[in-house]
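Descriptive analysis of the structure
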Amino acid sequence: DTGLAFVAGRATAEAGTIKLSMPNPQSQPHNIAVKGSGIDEKGPVVGANAKSEVEVDLEAGKYTFYCSVPGHEAGGMKGELTVE
């Protein structure tokens, strides 16, 4: 287990201001970020037992939530966000 995964690989939200929150139970640093349709917003990179949050205004569509720490998204730490 590389530890490069979110608990959920898919999420759904209503259009508008959305807050994504990710607690980090691991010793390696992680964050939560969202990208798609010209958006690329990143929450702070946090260590063990801290929480990364990002708030962004999103229109309906498909987005990717991911960890922006180098190598983590490529390692599988990403998921799909559907905004309705």
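See the structure above.
Below you will find a few notes about this structure.

On to the overall build of the protein. Assigned secondary structure in the protein consists of zero helices and seven strands. When its helices and strands are written in sequence order, the protein yields β-β-β-β-β-β-β. For a compact globule of 84 residues, the expected C-alpha radius of gyration is about 12 Å, and the protein comes in at 12 Å, within 12% of that figure. Considering only C-alpha atoms, the protein reaches an extent of 35 × 20 × 20 Å along its principal axes.

Before going further, it helps to examine the packing of aromatic side chains. Across all of its chains, the model carries one aromatic pair by this definition. For the cation-ring pair, Lys35 lies above Tyr66, with the distance from its terminal atom to the ring centre recorded as 4.7 Å.

Further remarks concern the side chain of Ser52. Residue placement: Ser52 occurs in strand 5 (residues 50–58). At 3.2 Å, the side chain of Ser52 forms a polar contact with the backbone nitrogen of Ile32. In terms of polar contacts, Ser52 uses its side chain to reach the backbone carbonyl oxygen of Pro44, at 2.7 Å. Once residues lying within four places of it in the same chain are set aside, the contact partners of Ser52 are Leu20, Ser21, Met22, Asn31, Ile32, Gly43, Pro44 and Val46.

The next point concerns the nonpolar core. Counting 18 residues, the largest nonpolar core has Phe6, Leu20, Ile32, Val34, Leu58 and Leu81 as its most contacted members. Among residues more than four places away in sequence, those in contact with Phe6 are Met22, Asn31, Ile32, Phe65, Tyr66, Cys67, Met77 and Lys78.

What follows is about the pairing of strand 4 (residues 39–42). Bridge count between strand 3 (residues 33–36) and strand 4: four bridges; the pairing is antiparallel. Bridge pairing links Lys35 to Asp40 in strand 4. Here strand 3 folds back onto strand 4, and the loop between the two strands holds two residues, one of which, Ser37, carries a positive phi near 50°.

Right, let's talk about the pattern of salt bridges for a bit. Scanning the entire structure with this criterion turns up five salt bridges. Between Lys19 and Glu53 there is a salt bridge, with its nearest N and O atoms 3.7 Å apart. A residue pair is termed long-range when its members are at least 10 positions apart, and Lys19 in strand 2 (residues 16–24) and Glu53 in strand 5 qualify at 34 residues. For Lys35, the salt bridge goes to Glu73, with nearest N and O atoms at 3.0 Å. Here the residue Lys35 occupies a position in strand 3, and Glu73 occupies one in the loop between strand 6 (61–66) and strand 7 (78–83), the gap between them amounting to 38 residues. Given a relative accessible area of 21%, Glu73 falls into the partly exposed group.

Looking now at unusual backbone geometry. Phi is positive for Ser37, which is not a glycine, with a value near 50°. For Ser37, the location among the structural elements is in the loop between strand 3 and strand 4. The backbone of Asn49 sits at a positive phi, close to 60°, despite the residue not being glycine. By relative accessible area, which is 70% here, Asn49 ends up exposed.

What counts and what doesn't
- Residues numbered from 1 in each chain as written.
- Predicted model: local features only at pLDDT ≥ 70, side-chain atom pairs only at ≥ 80, totals over all residues.
- Heavy atoms only, no water.
- Helix = DSSP H or I, 4+ residues; strand = E, 2+ residues; numbered from the N terminus.
- Rg over C-alpha atoms; globule rule 2.2 N^0.38 Å.
- Phe/Tyr/Trp six-rings, centres within 6.5 Å; stacked < 30°, edge-to-face > 60°.
- Lys NZ or Arg CZ within 6 Å of the ring centre and 35° of its normal.
- Polar contact = N/O pair within 3.5 Å; in protein donor to acceptor, adjacent residues only side chain to side chain.
- Contact = heavy atoms within 4.5 Å.
- Core = buried A, V, L, I, M, F, W, Y, C linked by side-chain atoms within 4.5 Å.
- Buried < 20%, exposed > 50% of the residue type's maximum accessible area, 1.4 Å probe, protein only.
- Pairing = 2+ DSSP bridges.
- Salt bridge = Lys/Arg side-chain N within 4 Å of Asp/Glu carboxyl O.

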